[in-house]
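Architecture at a glance
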Amino acid sequence: MSSLLIRNVQLNGNVTNILINGNRFHNLHAPADAVADETYDASGLAIVPSFFNTHTHASMTLLRGYADDLPLFPWLNDHIWPFEGKMRAEDIYAGAKLATLEMIRSGTTWFCDMYWMAEETVRAVAEAGIRATVGVTLMDHLGEDEIKRQLDFLANWKDPTNGRISLAVAPHAVYTVSGELLQRCAEAAKANGQTLTLHVSETEKEVQDCIAAHGMSPVRWLDHLGVLGDNVIAAHVVHIDEEEAEILKERGVWIAHNPCSNMKLSSGIARIPEMLSLGVPVGLAVDGSASNDGSSLMEELRVSYLLHRLNSSKAAPSGYELLKMATRGSAAILGRSDDIGSLAVGKCCDLFLIDSRRLELV
């Protein structure tokens, strides 16, 4: 087991030395002459917990800037899906590799993905050394043979990295996945001990169409089907009422908040202050680069802070609350808040070093 000594690093405003054994913090106040296999001089750098991105489409880095200035449904139907239909396995891999590098550079060490050809994202993540929960996307149009193949892939998954990568069952949304397939996905996630992640109530049109088709909103429809539970990450969740927020809380559903994407696609502003006041667990996310322009949770933190103060400064989450949302809160979505998400002896050393000498931080 190798060790690393990070010397002269700022921790909570004080300069200290941090000793890491293997992949865990061993001593946050080690002596300067502590023995380690490697030593890194972090003078001028501050150490903070790394970020956890609860919803993204990593390979969409290749679509950055494509089909801008459109709302969600024409953006998806007329531009994104036709483009994605031409992408090959090597494209998926290259896009995911680019996204993982961008996330690492901006302090993210885990992300929850949803995209096609999950094997290629797994390959990129394994090589990059980052953590990920890689969603296997399921939609009705794939056909029964392909759906069965993907469900078999999920059931027989073996992590090639010994703990860094897991899979998630990822039915896209209520408007692309039938009630029967949604239930099959929920059953598979429970049987495999996996996360289920999907888009929920992202736009007003999605809500209206779901009511027209099923007589109830997406949250109520998913609850009626028995899909909602404490292994579910619901992305966006912009258009809900108070009763739906209570349903989400009671079922233990995790919310992936995507403020930049919700603004760029004109989807709306999620009721995050109200959900937080009810005790609904919320994590932060960037969505895909085509609907965000980037993969930086650092930027997402600032945008989220400003966005919610615009509506109600008294109820808006503080900067510190949003920082916790992107670290401990998002780590809890993994079921690993006791293991990652903060800097403490015995925890995994997921960390981010910030250069406090950068001009904009002076």
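Further up the page is the structure itself.
How each quantity is defined
- Residues numbered from 1 in each chain as written.
- Predicted model: local features only at pLDDT ≥ 70, side-chain atom pairs only at ≥ 80, totals over all residues.
- Heavy atoms only, no water.
- 1 Å grid on protein atoms, 1.4 Å probe; cavity = no way out; pocket = protein on both sides within 12 Å on 5 of 7 lines; lining within 4 Å.
- Points joined across faces, edges and corners; volume = space filled by probe spheres on them.
- Helix = DSSP H or I, 4+ residues; strand = E, 2+ residues; numbered from the N terminus.
- Nonpolar A, V, L, I, M, F, W, Y, C, P; charged D, E, K, R; others polar.
- Buried < 20%, exposed > 50% of the residue type's maximum accessible area, 1.4 Å probe, protein only.
- Pairing = 2+ DSSP bridges.
- Right-handed = clockwise from strand over helix to strand, strands pointing away.

1. Focus on empty space enclosed by the protein
Within the structure shown, the criterion is met by two cavities of 30 Å³ or more. Volume-wise, the largest cavity comes out at about 220 Å³. Together, 20 residues line the largest cavity, and His 57, Met 60, Leu 76, His 172 and His 199 are the ones closest to its centre. Mapped onto the lining of the largest cavity, the elements with two or more residues apiece are α1 (72-84) and β7 (108-115). For the lining of the largest cavity, the element with the most residues is α1, which contributes six residues. Split by residue class, the lining of the largest cavity holds ten nonpolar, seven polar and three charged. The volume enclosed by the second largest cavity comes to roughly 40 Å³. For the second largest cavity, the full set of lining residues is Tyr 115, Trp 116, Met 117, Ala 118, Glu 119, Val 136, Thr 137 and Gln 150. Mapped onto the lining of the second largest cavity, the elements with two or more residues apiece are α3 (118-128) and β8 (131-138). Residue composition of the lining of the second largest cavity, grouped by class: five nonpolar, two polar and one charged.

2. So, the pairing of strand β11 (residues 232-236)
By the criterion of burial, β11 is predominantly enclosed, with five of the five residues buried. Of the pairings in the sheet, the one linking strand β10 (residues 195-200) to β11 comprises five bridges and is parallel in character. Counted as the bridge partner of Val 200 is His 236 from β11. In this fold, β11 hands off to helix α8 (residues 242-251), which returns the chain to strand β12 (residues 254-257); that crossover is right-handed.

3. Focus: the layout of surface pockets
Of the pockets and cavities examined, the largest pocket occupies roughly 470 Å³. Contributing to the lining of the largest pocket are 24 residues, with Val 48, Pro 49, Tyr 320, Leu 323 and Thr 327 lying nearest its centre. Of all the elements in the fold, those that place two or more residues in the lining of the largest pocket are β1 (3-11), β5 (45-49), α11 (297-311) and α12 (319-333). If one sorts the elements of the lining of the largest pocket by residue count, α12 sits on top with seven residues. Taken together, the residues of the lining of the largest pocket break down into 15 nonpolar, six polar and three charged. Taken as a whole, the second largest pocket holds about 400 Å³ of empty space. Lining the second largest pocket we find 19 residues, and of these Thr 109, Gly 129, Arg 131, Arg 164 and Asp 350 sit closest to its centre.

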